[in-house]
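Here are the chains, one letter per residue:
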Amino acid sequence: MPKPLPWATVWVTGASTGIGRSIALQLAEAGVRVAASARTAGKLAALGPGIHGFPLDVSDSVAVASGVAQIEMELGPIDLAILGAGTYSPVDATALDPAVFSHAMTTNYLGTVNCLAALLPRMMARGSGHVSWIASVAGYVGLPKAAAYGPTKAALINLGESLAPELRRAGIKVSVINPGFVDTPLTKQNDFPMPFLMTADDAARRTISGLSAGRFEIAYPRRFAAILKLARLLPYPLFFKLIDKAVLK
Ligand SMILES: NC(=O)c1ccc[n+]([C@@H]2O[C@H](COP(=O)([O-])OP(=O)(O)OC[C@H]3O[C@@H](n4cnc5c(N)ncnc54)[C@H](OP(=O)(O)O)[C@@H]3O)[C@@H](O)[C@H]2O)c1
């Protein structure tokens, strides 16, 4: 990991488990002051020294606004936000439940927007800051079982592309993090082989390294991200043939 890291205070959402938890632990280990958010207060409290729990539900815009105010009052200005709170439920294409789609969009997409809406005016007033969020390589193309999840991640990638140019002029960096399969509670429910599966610690290391380099897109593992980006360019008959063979079999 690059040292020293360029941030004094970092806000991580989705910090109670998985990738967010590993990011919070690695940042604290490197001497960064970490504000950790998720809904489960007990898990945040157990993270350890240097990590301050600010439990909140990202889908509640009022709670998010007061959480951000409290973090800045207690820990000082947030230099970097890593917005990772997210949810995933595999979808059976033959039995769609709108409630699953609504929950995914409310948590993954609107939850991120709530955090940005609370934080950006403060960064804009300071003329500096760095905001990032965890989308996914599942946002590049539509994939089987990901009908509720994939569109939220495509929306998050598009959000980054939309906001980055104007925010850069206001002195604020934007980064979109696109992981492949990472071994966390979220992917435990998958009943199919996950190619290029990596650990949460490895994902956290790559995330922190990409953020300290100030990259707009941080995608890993690189080979899997490249394959899916190429798949996006294929004509649809070829694309669906590939999905039939590689995923549905
Ligand atoms: N694992 C992968 O393969 C993978 C791949 C690409 C992208 N991602 C993305 O990476 C992020 C982290 O995923 P993960 O794999 O580490 O999953 P995870 O272990 O299930 O972590 C999800 C985190 O989000 C929090 N969370 C969920 N709903 C929330 C809400 N409404 N408000 C606040 N916090 C909430 C959870 O804590 P509480 O339940 O305590 O609230 C938990 O801390 C997600 O955005 C996910 O979509 C994961």
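In case you missed it, the structure is sitting above this.
Values in this document were obtained by computation on a predicted structure and should not be read as measured data. (Residues numbered from 1 in each chain as written. Predicted model: local features only at pLDDT ≥ 70, side-chain atom pairs only at ≥ 80, totals over all residues. Heavy atoms only, no water.)

Draft legend 1. Fine view of the overall build of the chain. Secondary structure summary: the chain contains eight helices and nine strands in total. Relative to the compact-globule value of 18 Å for 249 residues, the chain shows a C-alpha radius of gyration of 18 Å, a close match. Overall, the chain is about 55 × 35 × 30 Å in size when its C-alpha atoms are taken along their principal axes. A total accessible area of about 12,100 Å² is found for the chain, and carbon and sulfur atoms account for 58% of it. Here the chain contributes 23 positive and 16 negative side-chain charges, whose respective centroids are spaced 8 Å apart. (Helix = DSSP H or I, 4+ residues; strand = E, 2+ residues; numbered from the N terminus. Rg over C-alpha atoms; globule rule 2.2 N^0.38 Å. Areas by Shrake-Rupley, 256 points an atom, 1.4 Å probe, with all protein chains shown as cover. Lys, Arg positive; Asp, Glu negative; His and termini not counted. Charge placed at Lys NZ, Arg CZ, Asp CG, Glu CD.)

Draft legend 2. View of the nonpolar core. Counting 42 residues, the largest nonpolar core has W11, L119, V131, W133 and Y140 as its most contacted members. The residues touching V131, leaving out its near neighbours within four places in the chain, are A81, L116, L119, L120, M123, I172, K173, V174 and S175. Core analysis: the next-biggest nonpolar cluster, separate from the first, contains 30 residues, L5, L27, V32 and I218 among them. (Core = buried A, V, L, I, M, F, W, Y, C linked by side-chain atoms within 4.5 Å. Buried < 20%, exposed > 50% of the residue type's maximum accessible area, 1.4 Å probe, protein only. Contact = heavy atoms within 4.5 Å.)

Draft legend 3. View of the packing of helix α1 (residues 18-29) against helix α6 (residues 200-212). The interhelical angle for the contact between α1 and α6, taken along N-to-C directions, is 60°, at an axis separation of 8 Å. By the angle between their axes, α1 is oblique relative to α6. Considering only the axes of α1 and α6, their crossing is right-handed. Taken together, the residues of α6 that come into contact with α1 (itself represented by G18, I19, S22, I23, Q26 and L27) are A200, D201, A203, A204, R205, T207 and I208. Taken together, the residues that form the contact of α1 with α6 break down as seven nonpolar, four polar and two charged. (Axes fitted to C-alpha atoms, helices over the stretch in contact; angles between N-to-C directions. Parallel < 35°, antiparallel > 145°, perpendicular 65-115°, else oblique. Left-handed = near helix turned anticlockwise from the far one by under 90°. Nonpolar A, V, L, I, M, F, W, Y, C, P; charged D, E, K, R; others polar.)

Draft legend 4. Main features of the site of the ligand. Neighbouring residues of the ligand: 29 residues in total, closest R39, T40, Y149, V182 and T184. S16 places a polar side-chain atom, nitrogen or oxygen, 2.7 Å from an oxygen atom of the ligand. Side-chain polar atom of Y149 to an oxygen atom of the ligand: 2.6 Å apart, as the coordinates give it. Protein burial of the ligand: of its 880 Å² of free accessible surface, 92% is covered by the chains. Grouping the amino acids of the shell around the ligand by side-chain chemistry returns 14 nonpolar, twelve polar and three charged. (Near = heavy atom within 4 Å. Polar contact = N/O pair within 3.5 Å; in protein donor to acceptor, adjacent residues only side chain to side chain.)

Draft legend 5. Just helix α7 (residues 222-233), in detail. Spanning twelve residues, α7 covers 17 Å between terminal C-alpha atoms, matching the ideal 16 Å at 1.5 Å per step. When α7 is considered as a whole, its buried residues turn out to be F224, A225, L228 and A231. Viewed along the axis of α7, the buried residues span an arc of 120°, placing them on a single side of the element. Exposed and oriented more than 90 degrees from the buried face of α7 are R222, R223, L230 and L233. The elements touched by buried residues of α7 are β9 (217-220) and α8 (236-248). (Expected span 1.5 Å × (residues − 1). Arc of directions from axis to C-beta.)

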